[in-house]
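Chain by chain, the residues:
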Amino acid sequence: MNILLIGSGGREHALAWKLSQSPKVQKIVALPGSPGIGQYADCRPIGVTDFDKIERTAREIQAGLVVIGPEDPLALGLTDRLQKAGFRVFGPNQAAARLESDKWFSKDLMRQQAVPTADARMFSDPQAAEEYVRHRGTPIVIKATGLAKGKGVTLCYRESDALQAIDQTMRQRVFGDAGAKVVIEEFLTGPECSILAFIDRRNIYLMETSQDHKTIDEGDTGPMTGGMGAYSPTPIVTPQILSQIEREVFVPILDGLVRDGIEYKGVLYAGLMLTASGPKVLEFNCRFGDPETQPLMMRLKSDLLDVMLAVVEGKLDQITLEWDPRPAMCVVASSKGYPGKNRVGDVITGIEQADQMPNVKVFHSGTELKDGQLVTAGGRVLAVTALGDTLRDAQQRCYQAMSLIHFDGMHYRRDIGHRALKNL
Ligand code: AMP
Ligand code: GLY
């Protein structure tokens, strides 16, 4: 079968790597792909929202399955478009993708279905938002309601921070139109986890647990990023907590979607905080997480194509996933300036050496080839991922591999996994 893969990040590299191991996959074409994805796929310079060219390519290669990695094309309705043209698509349609692309829609659905989440109010008028902040006090959380590449959330400890966040998000539009409206949310505390599930319209199949590290700096400080590292499994999610999350979050959300006539096929990702009063949803994503996918794909033993086809055909109840019991960790290296305006074009060395280490894989997030040299081409540049006998072993392998890699302005956190390792 020929696969059309949409995207170019570390997540898509991990998916391409895993899909390429399936004996049923003949050819993968990636749009636009990356030098990393190019090891397994024919990459073509077509953007992820260039729907006409994407559809044309799907026809040309007679794609048996289209796999959509990032949120933007999902939010813009690429699935709907390709399904109408007769293709099988892994990734939710536009209506279902609102769970991620419209934080107010998802908050509403959570409320209707009594899914535990932070109390919140939405504002389209900055002055009203400011008044609310003055009235509610801090700490408080300000979120752009639209897509902002994981950066649209500001945790505000002082009133002045909150007022500034409202000004930057709503008036100065630093996240573009995604910040026209904000959700102002109760500040929750507790450890976080990412729970991803395959959804085939009726069935839910939870993947292994994972945890992301969202801020740029060590000790979970500094501005939000798309994610600076992740590991799987996370010991904070016991089997009891996991089944509570399935019962209290995934089941009612899927029921709500079905009730509203919305079909969901793909991955649903719940970002949760384990608070003193139980797990609460911080956000939903309508796709695989980045970087959670990198450790998850290192651990998945089953054929990814089989699972994706089961999702598309509504047969998730007929499959069983096998996972490597060993933990995996992933550490992201970012370019100078990220998550603000980042530099590109710095020469990257050492990936090949790092890749040769046993149980280590380097996934490219933002790289390109320029005059035959691999250079940085994005905020997050690469993700070193390793399996280990223990989480500490996986961590040591990641940092050993990372020490072989270099580019100017390279930044990575030295404390990925710190919460779990502290408790071991
Ligand atoms: P989100 O993109 O909504 O998952 O938010 C990004 C990060 O902001 C989360 O991973 C949390 O670390 C933090 N966060 C989001 N919402 C809240 C909240 N209500 N209380 C405390 N921290 C939050
Ligand atoms: N790791 C967070 C995300 O994929 O949005």
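Our structure is the block above this text.
To keep things clear, this report deals only with the structure shown in the data block. This one's a predicted model, so the numbers in the text were calculated from it and none came from an experiment.

Rules used in this analysis
- Residues numbered from 1 in each chain as written.
- Chains lettered and ligands numbered in written order.
- Predicted model: local features only at pLDDT ≥ 70, side-chain atom pairs only at ≥ 80, totals over all residues.
- Heavy atoms only, no water.
- Pairing = 2+ DSSP bridges.
- Helix = DSSP H or I, 4+ residues; strand = E, 2+ residues; numbered from the N terminus.
- Near = heavy atom within 4 Å.
- Polar contact = N/O pair within 3.5 Å; in protein donor to acceptor, adjacent residues only side chain to side chain.
- Axes fitted to C-alpha atoms, helices over the stretch in contact; angles between N-to-C directions.
- Salt bridge = Lys/Arg side-chain N within 4 Å of Asp/Glu carboxyl O.
- Buried < 20%, exposed > 50% of the residue type's maximum accessible area, 1.4 Å probe, protein only.
- Phe/Tyr/Trp six-rings, centres within 6.5 Å; stacked < 30°, edge-to-face > 60°.
- Lys NZ or Arg CZ within 6 Å of the ring centre and 35° of its normal.

Turning our eyes to something else, we now look at the sheet that holds strand β22 (residues 380-387). Here we have five strands laid out as an open sheet, ordered β12-β15-β18-β22-β19, and antiparallel in their pairing. The strands lining the two open edges of the sheet, one partner per strand, are β12 (211-212) and β19 (360-364). The pairing of strand β18 (residues 328-334) with β22 spans seven bridges and is classified as antiparallel. Bridge pairing in β22 links valine 332 to alanine 383.

On to unusual backbone geometry, then. Negative phi is the rule for most residues except glycine; trans is the rule for most peptide bonds. Cis geometry marks the peptide bond from threonine 138 to proline 139, where omega comes out at 0 degrees. Following the sequence through the fold, proline 139 ends up in the loop between α7 (126-136) and β7 (140-144). Residue proline 233 is bonded to the preceding serine 232 through a cis peptide linkage, with omega at -5 degrees. For glutamine 62, which is not a glycine, the phi torsion comes out positive at approximately 50 degrees. One non-glycine residue, arginine 201, adopts positive backbone phi at about 90 degrees. Here arginine 201 lies in the loop between β10 (192-200) and β11 (204-206).

The environment of ligand 2 is made up of Asp212, Lys214, Gly226, Tyr269, Asn285, Arg287, Gly289, Asp290, Pro291 and Glu292. Between aspartate 290 and ligand 2, the recorded distance is 2.9 Å, taken from a backbone N or O atom to an oxygen atom.

Taken together, four strands build an open sheet; the order of strands is β11-β10-β16-β17 and the sheet is antiparallel. Sheet topology places β11 and β17 (278-285) at the edges, where each strand pairs with a single neighbour. Direction aside, the axes of adjacent strands within the sheet are offset by 35 degrees on average. Summarising the sheet, strand β16 (residues 265-275) and β17 pair through seven bridges and their orientation is antiparallel.

What follows is about the pattern of salt bridges. Scanning the entire structure with this criterion turns up 35 salt bridges. Across the salt bridge formed by lysine 143 and glutamate 185, the nearest N and O atoms sit 3.1 Å from each other. With lysine 143 in strand β7 and glutamate 185 in strand β9 (residues 182-186), this pair connects stretches of sequence that are 42 residues apart. A relative accessible area of 5% places lysine 143 in the buried class. For aspartate 324, the salt bridge is made with arginine 326, and the minimal N-O distance between the two is 2.8 Å. Overall, the relative accessible area of 8% leaves aspartate 324 in the buried class. Taken together, the shared-partner salt bridges connect Asp52, Glu55, Arg59 and Arg81 into one network.

Counted under the stated rule, the structure contains seven aromatic pairs. Ring centres of phenylalanine 90 and phenylalanine 198 lie 6.2 Å apart, and the angle between their planes is 65 degrees; on these two criteria the pair is classed as edge-to-face. Residue phenylalanine 90 is located in strand β5 (residues 89-90), and its partner phenylalanine 198 is located in strand β10; the two are separated by 108 residues in the primary sequence. Within the aromatic cluster, the residues linked to one another by ring pairs are Phe90, Phe198 and Phe288. Positioned over the ring face of tyrosine 412 is arginine 414, at 4.1 Å from the centre of the ring.

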